[in-house]
Amino acid sequence: MKTRVLQYRFGGYSSFVEFGSEALLERFVGNRAVVVWDENTTSLLASLHELPSVTLPPGERTKSLDTVSHLLERFLEEGLERDATVMAVGGGVVCDASALAASLYMRGARLVLIPTTLLAMVDAALGGKTGVNFSGYKNLAGTFYPAEQIIIIPETLETLPQREYLSGLAEVIKSAMLGDPALFEILAARVDAVLERDREVVEELILRSVAVKGRIVEQDFTERGGREWLNLGHTFAHALESVTGFEGWTHGEAVAWGIVQALRCGEAAGITDPGYAATATELLRQYGFRCEIDTISVDALIDAMQHDKKSRAGRVRYVLQRRPGETELRELNPELIRGVLNRNLS
Ligand code: GLY
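Let us look at the structure shown here.

Conventions adopted
Numbers given to residues run from 1 along each chain, matching the order in which its sequence is written. Restriction of local features to residues with pLDDT of at least 70 applies here, the model being predicted, together with a cutoff of 80 or more for giving and counting side-chain atom pairs; totals for whole chains, interfaces and linings are based on all residues. Values reported for side chains reflect all heavy atoms of the structure, with hydrogen atoms and water molecules removed beforehand. Put plainly, a pocket is an open set of points on a 1 Å grid over the protein atoms alone with protein on both sides within 12 Å along at least five of seven lines, a cavity is a set where a 1.4 Å probe fits but cannot get out, and a lining residue has an atom within 4 Å of a point. Grid points are joined across faces, edges and corners, and a volume is the space filled by probe spheres set on the points. Per the convention used, a helix needs a DSSP run of H or I reaching at least four residues, while a strand needs a run of E reaching at least two, with both numbered from the N terminus. Three residue categories are used. Nonpolar comprises Ala, Val, Leu, Ile, Met, Phe, Trp, Tyr, Cys and Pro, charged comprises Asp, Glu, Lys and Arg, and polar comprises the others, including Gly. Patch membership needs two things, relative accessible area over 30% and no salt bridge, and members are linked within 9 Å if like-charged or within 5 Å if nonpolar (Val, Leu, Ile, Met, Phe, Trp, Tyr). Here, Shrake-Rupley sampling with a 1.4 Å probe gives the accessible areas, and only protein chains in the shown set may cover a residue. Each salt bridge in this description consists of a side-chain nitrogen of Lys or Arg and a carboxyl oxygen of Asp or Glu lying within 4 Å of one another. Buried, partly exposed and exposed residues are distinguished by accessible area as a fraction of the type maximum, computed with a 1.4 Å probe on protein chains only: under 20%, between the cut-offs, and over 50%, respectively. Any pair of nitrogen or oxygen atoms within 3.5 Å is treated as a polar contact; in protein, a donor-acceptor pairing is required on top of that, and neighbouring residues in sequence qualify only through side-chain atoms on both sides. In these notes, a set of buried Ala, Val, Leu, Ile, Met, Phe, Trp, Tyr and Cys residues joined through side-chain atoms within 4.5 Å is what counts as a nonpolar core. Contacts are assigned to residue pairs with any non-hydrogen atoms lying within 4.5 Å of each other. Consider each residue's heavy atoms; a residue with any of them within 4 Å of a molecule or strand counts as near. In this description, the arc belongs to the directions extending from the helix axis to the C-beta atoms.

## Points about empty space enclosed by the protein
Part 1 of the reasoning: Taken as a whole and assessed by the stated rule, the structure comprises three cavities of 30 Å³ or more.
Part 2 of the reasoning: The computed volume of the largest cavity comes to approximately 50 Å³.
Part 3 of the reasoning: Along the wall of the largest cavity there are 13 residues; nearest its centre are Ala99, Leu113, Ala125, Gly128 and Lys129.
Part 4 of the reasoning: Taken together, the elements giving at least two residues each to the lining of the largest cavity come down to α2 (92-104) and β6 (110-115).
Part 5 of the reasoning: Of the residues belonging to the lining of the largest cavity, the class tally is nine nonpolar, two polar and two charged.

## As for a nonpolar patch on the surface
Part 1 of the reasoning: A cluster of nonpolar side chains, Leu65, Phe134, Tyr137 and Leu140, forms an exposed patch at the surface whose accessible area comes to about 370 Å².
Part 2 of the reasoning: Among the structural elements, Tyr137 can be located in strand β8 (residues 137-141).

## A short note on the side chain of Ser98
Part 1 of the reasoning: Within the secondary structure layout, Ser98 lies in helix α2.
Part 2 of the reasoning: Given a relative accessible area of 0%, Ser98 falls into the buried group.
Part 3 of the reasoning: A polar side-chain atom of Ser98 sits 2.6 Å from the main-chain carbonyl oxygen of Val94.

## Considering the nonpolar core
Part 1 of the reasoning: Within the largest apolar cluster, 104 residues are counted, with the highest numbers of intra-cluster contacts made by Leu187 and Ile206.
Part 2 of the reasoning: If we ignore the near neighbours within four places in the chain, the residues touching Ile206 are Phe19, Leu118, Met121, Val122, Ile152 and Leu157.
Part 3 of the reasoning: Counting residues in each nonpolar core, the second largest holds 16 residues, with Leu44, Leu48, Leu51 and Ile151 among its members.

## A few points about the site of the ligand
Part 1 of the reasoning: The full set of residues close to the ligand is Asp123, Lys129, Lys213, Glu223, Arg227 and Leu230.
Part 2 of the reasoning: Asp123 places a side-chain nitrogen or oxygen 3.0 Å from a nitrogen atom of the ligand.
Part 3 of the reasoning: Note that an oxygen atom of the ligand is positioned 2.7 Å from one of the side-chain N or O atoms of Lys213.
Part 4 of the reasoning: Starting from 200 Å² of accessible surface for the ligand in isolation, the protein chains cover 86%.
Part 5 of the reasoning: Residues of the shell around the ligand, tallied by class, amount to one nonpolar, no polar and five charged.

## Observations concerning the layout of surface pockets
Part 1 of the reasoning: Size it by volume and the largest pocket reaches roughly 1,500 Å³.
Part 2 of the reasoning: The set of elements that each furnish at least two residues to the lining of the largest pocket consists of α2, α3 (118-124), β8, α4 (162-179) and α8 (234-243).

## Observations concerning helix α12 (residues 334-343)
In an α-helix, one full turn covers 3.6 residues, which means residues spaced three or four apart are oriented alike.
Part 1 of the reasoning: Along α12, the positions that sit buried rather than exposed are Ile337, Val340 and Leu341. End-on view of α12: buried residues confined to an arc of 95°, all on one side of the axis.
Part 2 of the reasoning: Looking at the packing, one finds that the buried side of α12 touches α8, α9 (251-268), α11 (298-306) and β10 (318-323).
Part 3 of the reasoning: Where α12 begins, one side-chain oxygen reaches toward the backbone nitrogen of Glu335, 2.7 Å away; that side chain belongs to Asn333.

## Things to note about the side chain of Thr250
Part 1 of the reasoning: Along the polypeptide, Thr250 turns up in the loop between α8 and α9.
Part 2 of the reasoning: Not counting residues within four places of it along the chain, the set of residues in contact with Thr250 comprises Arg163, Glu164 and Ser167.

Below you can see the structure in the form of structure tokens.
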């Protein structure tokens, strides 16, 4: 892959996103740096093997304050000074927890993120949200601390299980809906190539999704107005994840289902164009995402949504779309949501 570099300004920080091969990492060897990875990613990127490292257990339970505390201890043991670099290699869990630890260490160590899942490449690694779960809430404890560099090496996706790849693809579809009609076209026209992970097509999906997110976060780094759009489908998805106890659905599968519910609620509220809702839902179906659920308690889903941690003054605002690229936040009557969810139990 030809090296490509994008540069973003997030608040007072600059973030460079570099796309290329493992050769991009050679410049870090011999530097003061610690690599943080998990048991699934240590075998990737042999060029980092000479650096001191911390290996975390994989999985959501690692996203905790205990992990952050363990990382801070390890940074101290390694004698890291403030200008040393924390390099996180992995998916969202490793990137988010390491970034939080880097943001706290001596009030901010240098941070390089090397995402190795499609989800982390197109979402988690970019935009400076760090975080761990706390008291049953996802990402409750966190900071805004963008990585100086995000290095995307698409070859690392080769060993990613297909279901995890699809999980990231849901966020790619979301990006297309939010801000890139040409990406939507590619997704609709190249379904087989996307599913077979054709190299050129995958690189295009990543580049375009990063560009959509980068533009949105540059406008609203600290989520005061605009960045919330990136949560399209997520209020529904988080409720589903919470009601199902995070069993049976990957994050992306829940987001895909959530996007469909947002389209249907938007349509029922007279906001979303019905033709657009049908086209976007069909695209999600083409990638095999579940748009309906066979058994679930609608009351429990509504209750979980009312307790969404992003609610303001107890009022939940849903990300809805009128048509491609036209996104807004709206409160919705719970009875409207109940009606839509009840109609869509299969
Ligand atoms: N993942 C949503 C955001 O970065 O705001």
